[in-house]
Amino acid sequence: MVAVDKPAPVVLVTGGTRGIGAGIARGFLRSGARVLVCGRTEPAELPCADGRTAVFTKADIRDPQQAAGTVQHAADLFGRLDVVVSNAGGSPYAAAATASPRFHAKVIELNLVAPLHLAQAANAVMQDQGDGSIILVGSVSGTRPSPGTAAYGAAKAGLHHLVTSLAIEWGPAVRINCVVPGFVATEAVAEQYGDPTVVAAVAATVPLRRLATPDDVAQACLFLASPGARYVSGTCLTVHGGGEPPAFLSAGIGPG
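In this text the structure is predicted, and so the values were computed from the model without any measurement.

**Some details on empty space enclosed by the protein**
In this approach a probe as big as a water molecule rolls over the atoms, and the regions it shows empty are the leftover space.
Phase 1 of the analysis: This structure, assessed with the given rule, holds one cavity of 30 Å³ or more.
Phase 2 of the analysis: Size it by volume and the largest cavity reaches roughly 40 Å³.
Phase 3 of the analysis: Taken together, Ser91, Pro92, Ala94, Ala96, Phe103, His104, Gly148, Thr149, Ala150, Ala151 and Tyr152 make up the full set of residues lining the largest cavity.
Phase 4 of the analysis: Contributing elements (two or more residues each) for the lining of the largest cavity: α3 (101-129) and α4 (150-170).
Phase 5 of the analysis: Considered class by class, the residues forming the lining of the largest cavity number seven nonpolar, four polar and no charged.

The following block contains the structure:
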């Protein structure tokens, strides 16, 4: 029997032009996948790895029609859609007491409502083709207090819970999971903390003594999209280097 080569998987990464998203796109490119990235602005350089370059499409995934159109564009462009990574998100610092209602609504829209709409569109395509994997990108801000980004943390907590429900509704054809990164060394971290000594101080609080890289998050996504995770659905995979040590340790309480 003559072996038939299986086509390279097709992956859509939202917000895939910079930061964590670009790292995820590069990870899938290195694995041999065909990758489509989307964003509101086309970058000067697209993610590339091992001689492969992602394809870009302009879209604002907060608009449900644009989100659905982006999913369909990926399926039409490559003939199918195997993996969707809902990475677009974020929030500037804002004190909860003084942030406007519109600000809070927009943060929750970007970080919870938009991923739900994107996942709905991806599920429709994947159910028709009989399989697929959806990966949402959460945050440790949704697992512990998030002062200064309260709405963001609440939205990410909702995202973590969302996968538990969608896994039940959309299985067995579609698996859906969440990657939950801790501090990641991206352009945004440099903008937020500025001084390298501050970044180093933050890294020193992590048991592995460094910030994550976008590739660390990409590796988690690659696992969740792989056959090795074929029985993994409805779960959150935390990628935080061991987490944040409990505050009481700094008071000298504990074994010593």
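**Examining the layout of surface pockets**
Phase 1 of the analysis: Its volume calculated, the largest pocket comes out at about 1600 Å³.
Phase 2 of the analysis: Listing elements by their share of the lining of the largest pocket, those giving two or more residues are α1 (19-30), β2 (34-39), α3, α4 and α5 (187-193).
Phase 3 of the analysis: Among the elements that line the lining of the largest pocket, the one with the most residues is α5, at six residues.
Phase 4 of the analysis: Approximately 530 Å³ is the volume found for the second largest pocket.
Phase 5 of the analysis: Contributions of two or more residues to the lining of the second largest pocket are made by β7 (132-137) and α7 (214-225).
Phase 6 of the analysis: Tallied by class, residues from the lining of the second largest pocket come to 10 nonpolar, four polar and six charged.

**Side note on α1**
Phase 1 of the analysis: Here α1 spans 17 Å end to end across 12 residues, near enough to the 16 Å set by a 1.5 Å rise per residue.
Phase 2 of the analysis: The buried fraction of α1 amounts to nine of the 12 residues, a majority that puts the element mostly inside the structure.
Phase 3 of the analysis: Along α1, the residues that are buried comprise Gly19, Gly21, Ala22, Gly23, Ile24, Ala25, Gly27, Phe28 and Leu29.
Phase 4 of the analysis: Where α1 terminates, the next one or two residues include glycine 32, which has phi positive at roughly 100 degrees.

**Concerning the sheet that holds strand β8 (residues 174-181)**
Phase 1 of the analysis: An order of β5-β2-β1-β6-β7-β8-β9 is seen for the seven strands of this open sheet, with the pairing classed as parallel. Where the open sheet ends on each side, the last strands, each with one partner, are β5 (55-58) and β9 (236-239). The sheet shows a mean angle of 20 degrees between the axes of neighbouring strands, taken without regard to direction.
Phase 2 of the analysis: Pairing between β2 and β5: four bridges, direction parallel. Paired with cysteine 38 across the strands is threonine 57, a residue of β5.
Phase 3 of the analysis: Contacting β6 (83-86), β7, β8 and β9, α7 crosses the sheet at an angle of about 160 degrees to β8.

**Focus on the environment of leucine 162**
Phase 1 of the analysis: Here leucine 162 is to be found in helix α4.
Phase 2 of the analysis: What makes leucine 162 buried here is its relative accessible area of 14%.

**A closer look at the state of the cysteines**
Note on terminology: a disulfide is the covalent bond linking the sulfur atoms of two cysteines.
Phase 1 of the analysis: As enumerated under the stated definition, the model contains zero disulfides in all.
Phase 2 of the analysis: With no disulfide of its own, cysteine 178 lies 4.3 Å from the sulfur of cysteine 236, the closest cysteine sulfur.
Phase 3 of the analysis: With no disulfide partner, cysteine 221 has as its closest neighbouring cysteine sulfur the one in cysteine 178, 9.3 Å distant.
Phase 4 of the analysis: On the basis of relative accessibility, which here comes to 0%, the residue cysteine 221 falls in the buried class.

**Points about the side chain of asparagine 111**
Phase 1 of the analysis: Summarising the element assignment, asparagine 111 is placed in helix α3.
Phase 2 of the analysis: Taking the relative accessible area as the measure of exposure, asparagine 111 reaches 1% and is therefore buried.
Phase 3 of the analysis: In this structure the side chain of asparagine 111 is engaged in a polar contact, spanning 2.8 Å, whose partner is the backbone oxygen of valine 107.
Phase 4 of the analysis: Those residues in contact with asparagine 111 that sit more than four places away from it in its chain are Gly89, Gly90, Tyr152, Ala155, Lys156 and Leu159.

Rules and cut-offs
- Residues numbered from 1 in each chain as written.
- Predicted model: local features only at pLDDT ≥ 70, side-chain atom pairs only at ≥ 80, totals over all residues.
- Heavy atoms only, no water.
- 1 Å grid on protein atoms, 1.4 Å probe; cavity = no way out; pocket = protein on both sides within 12 Å on 5 of 7 lines; lining within 4 Å.
- Points joined across faces, edges and corners; volume = space filled by probe spheres on them.
- Helix = DSSP H or I, 4+ residues; strand = E, 2+ residues; numbered from the N terminus.
- Nonpolar A, V, L, I, M, F, W, Y, C, P; charged D, E, K, R; others polar.
- Expected span 1.5 Å × (residues − 1).
- Buried < 20%, exposed > 50% of the residue type's maximum accessible area, 1.4 Å probe, protein only.
- Pairing = 2+ DSSP bridges.
- Axes fitted to C-alpha atoms, helices over the stretch in contact; angles between N-to-C directions.
- Contact = heavy atoms within 4.5 Å.
- Disulfide = S-S within 2.5 Å.
- Polar contact = N/O pair within 3.5 Å; in protein donor to acceptor, adjacent residues only side chain to side chain.

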